[in-house]
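Listed below are the residues making up each chain.
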Amino acid sequence: MSRMIVPHATSPRAVTKAVIPAAGLGTRFLPATKATPKEMLPVVDKPAIQYVVEEAAAAGLDDVLMVTGRHKRAIEDHFDNAFELEQALAAKGDAIRLDAVRDPARLANIHHIRQGEPLGLGHAVLCARRHVGDRPFAVLLGDDLIDPRETLLSRMLDVRDRHTGSVIALMKVPPEQIHLYGCAAVEATGEDGVVRVTGLVEKPSRQDAPSSYAVIGRYVLDPAVFDTLERTPPGRGGEIQLTDALQELAAGGTVHGVVFDGLRYDTGDKGDYLRTVVRLACDRDDLGPEFTAWLKEFVAGMEEGNDTGRRRLVA
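Bear in mind that the values here come from a model prediction, so they are computed numbers and not experimental data. (Residues numbered from 1 in each chain as written. Predicted model: local features only at pLDDT ≥ 70, side-chain atom pairs only at ≥ 80, totals over all residues. Heavy atoms only, no water.)

## Here's the deal with the overall build of the protein
From N to C terminus, the protein includes twelve helices and 13 strands. Principal-axis analysis of the C-alpha atoms places the extent of the protein at approximately 65 × 50 × 40 Å. Among the 315 residues that make up the protein, the fraction classed as buried is 45%. The contacts in the protein between residues at least 6 apart in sequence include a share of 76% that link residues at least 24 apart. (Helix = DSSP H or I, 4+ residues; strand = E, 2+ residues; numbered from the N terminus. Buried < 20%, exposed > 50% of the residue type's maximum accessible area, 1.4 Å probe, protein only. Contact = heavy atoms within 4.5 Å.)

Set out below in structure tokens:
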């Protein structure tokens, strides 16, 4: 059954606003994303972006700004009320589906702004300046889904409360994968799972990577990042890179990292997207037992090396 998200936070925080960049074209998922925003692709029975908003709400962030682009109206509609649908479900007495339809609109106060030009993640964050003002804020990227049972964002907010400055999420990755991420140079703080970030490199080669710590899509940013982004020239790919701005802030000793070793689902490519759907479906109380049993039988049929097992599953 759908339910309201209860924040982990038990006391007021300095951070109350979250920014979710959602202006990308989703070219890796064409043709599915020709008319449907990639953020609206379903992960089991919810669009991917809803998991991200739920994560923000669970950490106590009640004000969410989505930075979108053209052809993203479906995102706005999803987080709005759907009166006709709600009335139809209410008339049928379908309380479970009615609750599920209403949940997105009541997760947080949700706002939308258009990026206008695809000038990179740094520019998308800069578009949020007027809405955010001079307060620290969180940035959550929609390609990274953090398992709802994890408390990464709340931990990052705690570190921000203690140290001020900016906080980024880090995860150790194999050396052969570091070129896919921003990479952090770090030094110990004496606090378990928390490091000081001394430098950042966007998608370095294996040989040039300063560590095996990859930057994943969660940030808690000091408003000083806006002035830095204003003077940050286009970098890799001709885009304004958030990593470049954070590199400047890190040089001033104001960036910390929270090392995450929990459950993270990367929906940025087709294979990882499919694996995410399977993993989350298997974890569902209403779907998991039956789906897992089917999956085991399906894999056993595949391993037989012929069509016998596959035909058995659809007979």
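## A closer look at the pairing of strand 9 (residues 182–188)
Residues in a regular strand point their side chains to alternate faces of the sheet. Bridging between strand 9 and strand 10 (residues 194–202) involves seven bridges; their strand directions are antiparallel. What sits directly across from Ala184, in strand 10, is Leu200. What sits between the antiparallel neighbours strand 9 and strand 10 is a turn of five residues, in which Gly190 has the positive phi angle 90°. In terms of strand pairing, strand 9 meets strand 11 (residues 213–221) through two bridges, oriented antiparallel. Paired with Gly182 across the bridge in strand 11 is Val215. (Pairing = 2+ DSSP bridges.)

## Here we look at the side chain of Lys72
Assignment of secondary structure puts Lys72 in the loop between strand 4 (63–68) and helix 2 (73–78). Take Lys72: its relative accessible area is 4%, and that puts it in the buried class. From its side chain, Lys72 meets the backbone oxygen of Ala22 in a polar contact 3.3 Å long. Setting aside chain neighbours within four positions, we find Lys72 in contact with Ala22, Ala23, Gly24, Pro37, Lys38 and Glu39. (Polar contact = N/O pair within 3.5 Å; in protein donor to acceptor, adjacent residues only side chain to side chain.)

## What about empty space enclosed by the protein?
The full count for this structure, using the stated rule, is one cavity of 30 Å³ or more. By volume, the largest cavity amounts to about 110 Å³. Every residue along the wall of the largest cavity is listed here: Phe29, Lys38, Glu39, Leu41, Ala48, Ile49, Gly142, Asp143, Thr267 and Tyr273. (1 Å grid on protein atoms, 1.4 Å probe; cavity = no way out; pocket = protein on both sides within 12 Å on 5 of 7 lines; lining within 4 Å. Points joined across faces, edges and corners; volume = space filled by probe spheres on them.)

## What about unusual backbone geometry?
For the bond from Leu30 to Pro31, the omega torsion is 5°, close enough to zero to count as cis. Tracing the chain through its elements places Pro31 in the loop between strand 1 (17–22) and strand 2 (42–43). For Val44, which is not glycine, the phi dihedral falls at a positive 65°. Along the chain, the position of Val44 falls in the loop between strand 2 and strand 3 (46–47). What makes Val44 partly exposed here is its relative accessible area of 24%. If you check the backbone angles, His71 has positive phi at about 65° while not being a glycine.

## Examining the pattern of salt bridges
Enumeration according to the criterion identifies 21 salt bridges in this entry. Note that Asp94 and Arg97 form a salt bridge whose closest N and O atoms lie 3.0 Å from each other. Its relative accessible area of 16% is what places Asp94 among the buried residues. Since its relative accessible area comes to 56%, Arg97 is described here as exposed. The residue Asp147 makes a salt bridge to Arg149 at a minimum N-O spacing of 2.8 Å. Residue Asp147 is classed as buried on the basis of its relative accessible area of 2%. (Salt bridge = Lys/Arg side-chain N within 4 Å of Asp/Glu carboxyl O.)

## Let's talk about the packing of helix 10 (residues 270–283) against helix 11 (residues 288–303)
For the pair helix 10 and helix 11, interaxial distance at closest approach is 7 Å and the crossing angle is 130°. By the angle between their axes, helix 10 is oblique relative to helix 11. On helix 11, the residues that touch Val278, Ala281 and Cys282 of helix 10 are Gly288, Phe291, Thr292 and Leu295. Per-class residue counts for the contact of helix 10 with helix 11 are five nonpolar, two polar and no charged. (Axes fitted to C-alpha atoms, helices over the stretch in contact; angles between N-to-C directions. Parallel < 35°, antiparallel > 145°, perpendicular 65-115°, else oblique. Nonpolar A, V, L, I, M, F, W, Y, C, P; charged D, E, K, R; others polar.)

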